[in-house]
Amino acid sequence: MSIASIKAQLAQYGINPNRALGQNFLADDDAAEAIAASCKGAVIEIGPGMGALTEKLLNREAPVAAIEIDRRMAEILRSRFGDKLILVEGDALKANIKAVAQSLGGEVSVAGNLPYYITTPICTRLITCGANIRYMTLMMQKEAAERFFAEPGDRVYGPLTVLAQHYYDINTLLRLSREAYYPQPEVDSVVLCLERKQAEAHPALQWVLESAFAMRRKTLANNLKAAGISDKRLNEICEAVGIGGNIRAERLTTAQFAAISGEIEKGGK
């Protein structure tokens with residue numbers, strides 16, 4: 001879709017983009033084609049908007065389910081695609097993504113243009129929801145993309161970094177200037193491709209990360225004790241993993257967090 005066609009459709013439906021929902025519509029057909037081509041099999045699209053990417057995904061002739069929070073956008077999507085698109089109206093942060101994936105046959109790809117304000121929570125949810133998501137191709141503002149490549153000690157290193165790096169191989173597919181969207185966002189964007197690794201599943205990992213990063217200036221020991229781990233158990237875990245409790249979470253590697261999670265899963269908190 002071009003900027004002119006986006007404006008025309010918005011005018012046709014009497015719609016103004018909702019800045020509160022982070023609505024910046026992709027106006028680059030080549031980018032949409034590249035994103036669609038990176039997806040494999042059935043796809044769940046997050047925040048389809050008026051359907052610039054949706055159209056390319058449907059052209060692949062594999063099932064597509066789209067989760068859209070804005071009822072006005074849902075009206076446009078129904079008008080454009082009818083029964084070809086499985087439309088789920090609602091908030092992607094609350095939708096049962098696992099059930100949507102199962103309805104598409106189990107293993108799915110996820111694609112979407114993510115509003116900046118929900119990039120971290122929606123990506124965290126996609127990784128931890130239990131759905132069989134083999135591939136993800138996600139557009140996001142470049143500052144959000146930095147979290148996926150951060151290293152221990154970096155300012156943006158945190159729970160999302162560790163979850164993504166533990167479970168997925170991550171690569172940059174595209175870099176898009178703000179001119180590729182209408183209305184223009186304030187910064188440029190990046191499209192990331194994530195492919196699921198053969199990584200050991202750690203059910204405790206999300207809890208460990210949320211606890212360890214609860215207060216970034218506190219040590220790992222203080223944060224985990226505040227989350228309910230006793231001094232005795234904490235010493236056992238740190239000894240087994242080979243770390244000191246006085247380290248801060250931001251200094252631990254992904255492998256060390258996985259090891260801590262494994263110890264908690266084996267011996268409890």
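Quick note: structure is the one above.
Remember, predicted model here, so these are calculated numbers, not experimental data. (Residues numbered from 1 in each chain as written. Predicted model: local features only at pLDDT ≥ 70, side-chain atom pairs only at ≥ 80, totals over all residues. Heavy atoms only, no water.)

### Points about the nonpolar core
Move 1: Core analysis: the biggest nonpolar cluster contains 60 residues, and Ile 44, Met 136, Phe 148, Phe 257 and Ile 260 have the highest contact counts within it.
Move 2: Setting aside chain neighbours within four positions, we find Met 136 in contact with Val 110, Leu 126, Ile 127, Tyr 168, Leu 192, Cys 193 and Leu 194.
Move 3: Of all hydrophobic cores here, the second largest spans 21 residues; its members include Leu 26, Val 64, Leu 77 and Leu 85. (Core = buried A, V, L, I, M, F, W, Y, C linked by side-chain atoms within 4.5 Å. Buried < 20%, exposed > 50% of the residue type's maximum accessible area, 1.4 Å probe, protein only. Contact = heavy atoms within 4.5 Å.)

### Description of helix α8 (residues 159-167)
Move 1: Counted residue by residue, α8 has 7 buried out of 9 residues, so it is predominantly covered.
Move 2: Of the positions making up α8, those classed as buried are Leu 160, Thr 161, Val 162, Leu 163, Ala 164, His 166 and Tyr 167.
Move 3: Contacts made by the buried residues of α8 are with α6 (119-128), α7 (142-149), β7 (168-176), β9 (189-196), α9 (205-212) and α12 (254-267). (Helix = DSSP H or I, 4+ residues; strand = E, 2+ residues; numbered from the N terminus.)

### Looking at unusual backbone geometry
Move 1: Residue Pro 183 is reached from Tyr 182 by a cis peptide bond, and omega for that bond is -15 degrees.
Move 2: Turning to its location among the elements, Pro 183 is positioned in the loop between β8 (181-182) and β9.
Move 3: The backbone phi angle of Glu 61 is positive, close to 65 degrees, even though this residue is not glycine.
Move 4: By the element assignment, Glu 61 lies in the loop between α3 (52-58) and β3 (64-68).

### With respect to helix α2 (residues 29-38)
Move 1: Three or more residues of α2 are buried, namely Ala 31, Ala 32, Ile 35, Ala 36 and Ser 38. One side of α2 carries all its buried residues, which in axial view fall inside an arc of 160 degrees. Pointing more than 90 degrees away from the buried face of α2 are the exposed residues Asp 30 and Ala 37.
Move 2: Where α2 begins, one side-chain oxygen reaches toward the backbone nitrogen of Asp 30, 3.1 Å away; that side chain belongs to Asp 28. (Arc of directions from axis to C-beta. Polar contact = N/O pair within 3.5 Å; in protein donor to acceptor, adjacent residues only side chain to side chain.)

### Some words on the pairing of strand β2 (residues 43-46)
Move 1: Of the two faces of β2, the one lined by Val 43 and Glu 45 and the one lined by Ile 44 and Ile 46 are each fully buried.
Move 2: One ladder, built from 4 bridges, connects β2 with β3; its direction is parallel. Counted as the bridge partner of Val 43 is Val 64 from β3.
Move 3: Pairing of β2 with strand β5 (residues 108-113) involves 4 bridges; the strand directions are parallel. (Pairing = 2+ DSSP bridges.)

### Describing the side chain of Gln 9
Move 1: Looking at where Gln 9 falls in the secondary structure, it is placed in helix α1 (residues 3-13).
Move 2: Not counting residues up to four positions away in its chain, the partners in contact with Gln 9 are Met 1, Met 50, Ile 76 and Arg 80.

### Notes on the state of the cysteines
Structurally, a disulfide amounts to a covalent bond that connects the sulfur atoms of two cysteines.
Move 1: Counted under the stated rule, the structure contains 0 disulfides.
Move 2: Unpaired in terms of disulfides, Cys 39 finds its nearest cysteine sulfur in Cys 193, a separation of 7.8 Å. (Disulfide = S-S within 2.5 Å.)

### Some points on the environment of Ile 237
Move 1: One can find Ile 237 in helix α11 (residues 231-241).
Move 2: Here Ile 237 falls in the buried class, since its relative accessible area comes to 2%.
Move 3: When the C-alpha atoms of Ile 237 and Glu 263 are compared, they prove to be 6.2 Å apart, with 26 residues separating the residues in sequence.
Move 4: With sequence-adjacent residues up to four places away left out, Ile 237 is seen in contact with Ile 229, Ile 260, Glu 263 and Ile 264.

### Brief notes about the packing of α11 against α12
Move 1: Where α11 meets α12, the axes come as close as 10 Å, and the angle between the chain directions of the two elements is 130 degrees. Comparing the axis directions of α11 and α12 gives the class oblique. Crossing angle aside, the handedness with which α11 passes α12 is right-handed. Across from Arg 233, Ile 237, Ala 240 and Val 241 in α11, the residues of α12 making contact are Gln 256, Ala 259, Ile 260, Glu 263, Ile 264 and Gly 267.
Move 2: For the contact of α11 with α12, the class distribution of residues is 6 nonpolar, 2 polar and 2 charged. (Axes fitted to C-alpha atoms, helices over the stretch in contact; angles between N-to-C directions. Parallel < 35°, antiparallel > 145°, perpendicular 65-115°, else oblique. Left-handed = near helix turned anticlockwise from the far one by under 90°. Nonpolar A, V, L, I, M, F, W, Y, C, P; charged D, E, K, R; others polar.)

Just geometry here; none of it tells us what the structure is for.
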